[in-house]
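A closer look at the structure
Residue strings, one per chain:
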Amino acid sequence: MEDRFALLIDADNVSAKYIKPILDELSKYGNVTYKRIYGDWTKTNNASWKEELLQNSITPIQQFSYTHGKNATDSAMIIDAMDMLYTSQLEGFCLVSSDSDFTKLASRLRESGKTVIGMGEDKTPSPFRKACDIFTVLELLLEDNTMEKEEREEKNAEPHPREKEQKKVTAPSRDQIEEAVVKIITENQNDDRETGLGEVGSRLVKLYPDFDVRRYGYSLLSKFLETFPKLKLIQEGTKVSVTLYEDKSKKERLEEYIIQQIRINGRYGISLGSLGNRIRMKFGDFKVRDYGFSQFKQYIQSFPQVELEDDGERTRAVYVGE
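Residues numbered from 1 in each chain as written. Predicted model: local features only at pLDDT ≥ 70, side-chain atom pairs only at ≥ 80, totals over all residues. Heavy atoms only, no water.

Bringing the pairing of strand E5 (residues 115-120) into the picture now. Burial within E5 is extensive, with 5 of its 6 residues counted as buried. When strand E4 (residues 92-96) meets E5, the two strands line up parallel, connected through 5 bridges. Pairing of Gly92 across the sheet is with Thr115, part of E5. A crossover connection joins E4 to the parallel E5 through helix H4 (residues 103-111); in handedness this β-α-β unit is right-handed. Of the strand pairs in this sheet, E5 and strand E6 (residues 134-137) are connected by 4 bridges, and their pairing is parallel. Bridging across to E6, Ile117 finds its partner in Ile134. In terms of handedness, the path from E5 via helix H5 (residues 126-131) over to E6 forms a crossover that is right-handed. (Buried < 20%, exposed > 50% of the residue type's maximum accessible area, 1.4 Å probe, protein only. Helix = DSSP H or I, 4+ residues; strand = E, 2+ residues; numbered from the N terminus. Pairing = 2+ DSSP bridges. Right-handed = clockwise from strand over helix to strand, strands pointing away.)

At a closest axis distance of 11 Å, the pairing of helix H12 (residues 250-263) and helix H13 (residues 272-282) adopts a crossing angle of 140°. When the interaxial angle is binned, H12 and H13 end up oblique. For the crossing formed where H12 meets H13, the hand is right-handed. Across the interface between the two elements, Leu254, Tyr257, Ile258, Gln261 and Ile262 of H12 pack against Leu275, Arg278, Ile279 and Lys282 of H13. Among the residues making up the contact of H12 with H13, the classes are represented as 6 nonpolar, 1 polar and 2 charged. (Axes fitted to C-alpha atoms, helices over the stretch in contact; angles between N-to-C directions. Parallel < 35°, antiparallel > 145°, perpendicular 65-115°, else oblique. Left-handed = near helix turned anticlockwise from the far one by under 90°. Contact = heavy atoms within 4.5 Å. Nonpolar A, V, L, I, M, F, W, Y, C, P; charged D, E, K, R; others polar.)

Below, the discussion takes up the packing of helix H9 (residues 174-190) against helix H10 (residues 197-207). Interhelical geometry of H9 versus H10 gives an angle of 125° and a closest axis separation of 11 Å. Judged on the interaxial angle alone, H10 and H9 are oblique. Note that H9 runs across H10; the crossing there is right-handed. Residues Ile177, Ala180, Val181, Ile184, Glu187 and Asn188 of H9 form the contact with H10, whose own contacting residues are Glu199, Val200, Arg203, Leu204 and Leu207. Residues that form the contact of H9 with H10 fall into these classes: 7 nonpolar, 1 polar and 3 charged.

The subject of this paragraph is the sheet that holds strand E9 (residues 270-271). Strand order in this open sheet of 3 strands is E9-E11-E10, and the pairing throughout is antiparallel. The open sheet has two free edges, formed respectively by E9 and strand E10 (306-310), since each of these has just one partner strand. Bridge analysis of E10 against strand E11 (residues 315-319) gives 5 bridges, and the strand direction is antiparallel. By the bridge assignment for E11, Val306 is matched with Tyr319. In the packing of H12 onto the sheet, the strands contacted are E9, E10 and E11, and the crossing angle to E11 comes to about 95°.

For the rest of this paragraph, the subject is the confidence of the model for the chain. Predicted confidence across the chain gives a mean pLDDT of 82, with 87% of residues reaching 70 or more. Between residues 144-167, whose pLDDT stays under 50, and residues either more than four places distant or in other chains, the model counts 24 contacts. (pLDDT = per-residue confidence, 0-100.)

Overall, the coordinates contain 11 aromatic pairs when judged by the stated rule. Aromatic pair Tyr216 and Phe224: ring centres 4.9 Å apart, planes at 25°, arrangement stacked. Comparing Tyr216 with Phe224 shows no difference in burial state: the two are buried. Centre to centre, the rings of Phe286 and Phe296 are 6.2 Å apart; their planes meet at 85°, and the pair counts as edge-to-face. On the criterion of sequence distance, the pair formed by Phe286 in the loop between H13 and helix H14 (296-301) and Phe296 in helix H14 is long-range, its members being 10 residues apart. Among the residues examined, Phe286 registers a relative accessible area of 11% and is labelled buried. The ring of Phe228 carries the charged tip of Arg174 above its face, separated from the ring centre by 4.7 Å. Lying across the ring of Tyr268, Arg316 places its NZ or CZ 4.1 Å from the centre. (Phe/Tyr/Trp six-rings, centres within 6.5 Å; stacked < 30°, edge-to-face > 60°. Lys NZ or Arg CZ within 6 Å of the ring centre and 35° of its normal.)

Laid out in structure tokens, this is it:
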């Protein structure tokens, strides 16, 4: 049986353009039992949500702004969430807002053993992100080329008063990610245990609730981890484990990586331009002169297992074995 989730959206702090990506992302975790959105529907700035509510069967909760400067929407969401916590059979909550006011709510729901998935724009403050089990940046869920009229209008509109005070939160750097994975692998090695790809993913999310490989330009965690010089992925059937290159020199790691990249491209091989880009991505300080060659082409020709083929447009490296 799938886990049941309640989806609670703060209309004052989230644009309607995100609704489809939100529902698609949440479907990965379970069945959405409740779909509620909170806001003052007498205001014109919430008009863009109205059509989406009908199309996606989301229940609007009207909350008037009784006092200027106070957000009654927050209170309504918090009260409903606590009611659901005690009266409904739910395994988790998805709180959609770019507002830090829901930090305490997220913490309280987790204390009760519920999974909390947070979603918000890139400006969402760090306390709310870290209070969730998982936090997803909404911009990452959109197609890269999406630029609807509504989005352009919102960028030109006067920002919400609280948005002016919010600063963009910096994601964990690649160095931080690599250091964290190395630590995970080392801990497991000390206990004589292998480190699975799934364990790495789940522990990174626990360390950094807003960790998302899409932020770094990748769709798969495995492809992202392959770009780190210290890490090596080993696949046996359907099982993928992550280990360290700790017992090999940089030269050995580089040569092993080059052969791997050529082999995975099969009989057609890989162009020297693409191969060079991958090497520089994984080994940022790579210089062919450090290995005794003046040209990259000469360096690749030095591998006995590799042949170069020229199709008139580009030169490709093809694996031919020993």
